Amino acid sequence: MAARAQPLFTPSSPTPKFGPRTGSLTIKRNGDEALHKTETPALLAATSRGIVPHLSRDHVQRTRVIRHIQLPFESFIDRNPPVPTLVDGPHPLHTFLGYSADSHILTMTLRDPSDGRKMPPNGNDFVAAHCTRGVRKVTASSWNAFVEKCKPDIVVALSDTPFTLPPHSQKRLTKSIERSIAWITSLLKAPATAHGDTAHWHSRHVFLHLAGGINPEARAEFAERLTDPVDHKDADALAPYNTLDEGISGYVFDLLPLRAALAVESRKPIDEGDLAGGLVRVSDRHRSSPESSLRLAELLQCSLQVLPEEKLRIVNSPVSPHEVLRLIRDVGVDLLDSFWAQRAADMGIALDFRFPVPDNLEPTGTACAPPRKRVNGKSDLGHNLFDSIYVHDHIRLASAFLDGLTADKFEHNHPVCDCEACSPRAPSSRVLHSAVDVHAWQDPSCPTSPSALQPPVTRSYVHHLLHTHEMSAHALLAMHNVTVFSAFLDGIRATITRGPEEFSREVKRFEEAYDEELVLWREAEVMWLQVERARGKGRLAREKEKQVESTIGTAVDL
């Protein structure tokens, strides 16, 4: 017998089928009295091999905005059985990956939604997944077994999303729908983990990719199949569900394959260019626009038209905050993948933007330069800290936010960035290796009281770290960028409470204020790749010569 799906999402107020909305996501684990509640729209952190890129366990614990974490399981299937399935206990994934069961909600999916590489076609009984040892076939029964062993908080059912070259024929879309229906049926039939000899099942939160590609009729047909009465032969195994949708807790939309297919349909295929031996991802070449956002919103609406609005909606791989705002305005989404913001940290970009847009983008009361304005009069969304203009910029990372130490010194109504780069705090204890360390710890001139606010990390310091290939540069930027993205979502929630008309006006102001062409990203990618390729190559004299000849600066002055 299938386990009854528990409601996860509660709207703050009655909302229409489509449009901006707020609510709360509440998860109660089996045998756990604590409720894990998150206000939506909220952030869903992306991972690689289960780890938030660049961040240690301590970094993740200190970055309080990271609560919902997505785990692509394909990176673990290079071993048979996958290593996470060998861990026992009530929370195997939390234990294995070092996440806190009290603080973090883990979503387990097979494929990485930000990986747009071409893949072999799926079969009738398997999905092609990519790991470090190449492509592996994952069957529905294998996936069900992985889920049973790993016990994630949320599991995303297998879906037949084509990652072969578009366009896809009507026959291929029909196969996609049939396979996806069969696989979600298989997962809902599978019992949750049994305890001992008793038939005690705990409820499972199952999410589903809504299939159909860029064909509106196919998307509508797939949604209708979910609301049709279950087949008679499956009725007993699926009880107490009368429809498949009753067993589903939320819906997932992967924008990456949709965006690629739309580009081919419009005869403007995305030029992937040189992917630099894997350093650059296909998704890095994707850009948003009002036209593409409108088409995506129409496709999402086709899927959701016949489905209940009180279920959670997840969007993976948005490529700009502009796209996020339009999808929230035109569709209504609740969890948003932060891969875009995390990827900016890889490229040395420190995000620096706010929503709603302040009346004056120029900082007041502080000598902190705002992002550069482009020829179209719009501001960048951040700073490319690989650029040599930041060599002597000894100020905090973002002009749109105060750092914790500055904010603590005077009264203000300016938002504060609480990340460990902008508002670092002294540790509560230190490892003292010698008498010298003891003296330093006891030095009254050093503010070493536990949790005391420290000066912020500066742009010039991160610039130095980037050019010396220090891993801490990307760790600082990753913590900062996810915090800025979370503050962006905080602003969205606050604005939605003032009504949809006010939210639409603020979206328009944001589009007029910030550059959507992401010129900064193209510049940062060039500099990032040039520095990466210089890693460990050549003598110091050659590096100094290159620095003199170029403004990029692939070495530091010594």
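As a starting point, this report considers the structure included with it.

Conventions adopted
- Residues numbered from 1 in each chain as written.
- Predicted model: local features only at pLDDT ≥ 70, side-chain atom pairs only at ≥ 80, totals over all residues.
- Heavy atoms only, no water.
- Buried < 20%, exposed > 50% of the residue type's maximum accessible area, 1.4 Å probe, protein only.
- Helix = DSSP H or I, 4+ residues; strand = E, 2+ residues; numbered from the N terminus.
- Pairing = 2+ DSSP bridges.
- Phe/Tyr/Trp six-rings, centres within 6.5 Å; stacked < 30°, edge-to-face > 60°.
- Lys NZ or Arg CZ within 6 Å of the ring centre and 35° of its normal.
- Axes fitted to C-alpha atoms, helices over the stretch in contact; angles between N-to-C directions.
- Contact = heavy atoms within 4.5 Å.
- Parallel < 35°, antiparallel > 145°, perpendicular 65-115°, else oblique.
- Left-handed = near helix turned anticlockwise from the far one by under 90°.
- Nonpolar A, V, L, I, M, F, W, Y, C, P; charged D, E, K, R; others polar.
- 1 Å grid on protein atoms, 1.4 Å probe; cavity = no way out; pocket = protein on both sides within 12 Å on 5 of 7 lines; lining within 4 Å.
- Points joined across faces, edges and corners; volume = space filled by probe spheres on them.

Here we take up the pairing of strand S7 (residues 126–131). Within a regular strand, the side chains alternate between the two sheet faces. Among the six residues that make up S7, five are buried, leaving the element largely enclosed by the rest of the structure. Examined bridge by bridge, S7 and strand S8 (residues 134–139) share six bridges and lie antiparallel to one another. When the sheet's bridge partners are listed, Phe 126 is paired in S8 with Thr 139. Between the antiparallel neighbours S7 and S8 lie two residues.

Enumeration according to the criterion identifies 16 aromatic pairs in this entry. Seen from their ring centres, Trp 340 and Phe 353 are 6.3 Å apart, and the 65° between their planes marks the pair as edge-to-face. With a gap of 13 residues between them, Trp 340 in helix H10 (residues 339–346) and Phe 353 in the loop between strand S14 (349–351) and strand S15 (382–384) connect regions that are remote in the sequence. These aromatic residues form a ring-pair network of at least three members: Trp 340, Phe 353, Phe 355, Phe 485, Phe 488, Phe 503, Phe 510, Tyr 514 and Trp 521. The ring of Phe 126 is capped by Lys 137, whose NZ or CZ atom sits 4.7 Å from the centre of that ring.

Right, let's talk about the sheet that holds strand S12 (residues 312–316) for a bit. If you trace the eight strands once around the closed barrel, you get S4-S5-S6-S9-S10-S11-S12-S13, paired in parallel fashion. For this sheet, the mean inter-axis angle between neighbouring strands, taken without regard to orientation, is 25°. Summarising the sheet, strand S10 (residues 205–209) and strand S11 (residues 250–254) pair through three bridges and their orientation is parallel. Each residue of the ladder has a partner; that of Phe 207, found in S11, is Gly 250. Packing against the sheet, helix H8 (residues 290–304) makes contact with S11 and S12, and its axis sits at approximately 150° to S11.

With that out of the way, let us pick up the packing of H10 against helix H14 (residues 471–496). The interhelical angle for the contact between H10 and H14, taken along N-to-C directions, is 150°, at an axis separation of 8 Å. When the axes of H10 and H14 are compared, the pair comes out roughly antiparallel. The interaxial crossing formed by H10 with H14 has right-handed handedness. Contact residues: Trp 340, Ala 341, Gln 342, Ala 344, Ala 345 and Asp 346 in H10; His 474, Leu 477, Ala 478, Asn 481, Val 482 and Phe 485 in H14. The residue makeup of the contact of H10 with H14, split by class, is eight nonpolar, three polar and one charged.

On to empty space enclosed by the protein. Taken as a whole and assessed by the stated rule, the structure comprises four cavities of 30 Å³ or more. Considering only enclosed or pocket space, the largest cavity measures out at about 230 Å³ in volume. Around the largest cavity, the lining is made up of 21 residues, and of these Arg 111, Val 127, Ser 159, Thr 161 and Phe 163 lie nearest the centre. For the lining of the largest cavity, the residue count by class is twelve nonpolar, five polar and four charged. Estimated volume of the second largest cavity: approximately 140 Å³. In terms of lining residues, the second largest cavity is bounded by 15 residues, among which Ser 283, Asp 284, Val 319, Trp 340 and Arg 343 are the most central. When residues in the lining of the second largest cavity are grouped by element, the largest group, four residues, is from H10. Here the residues of the lining of the second largest cavity are counted per class, giving eight nonpolar, four polar and three charged.

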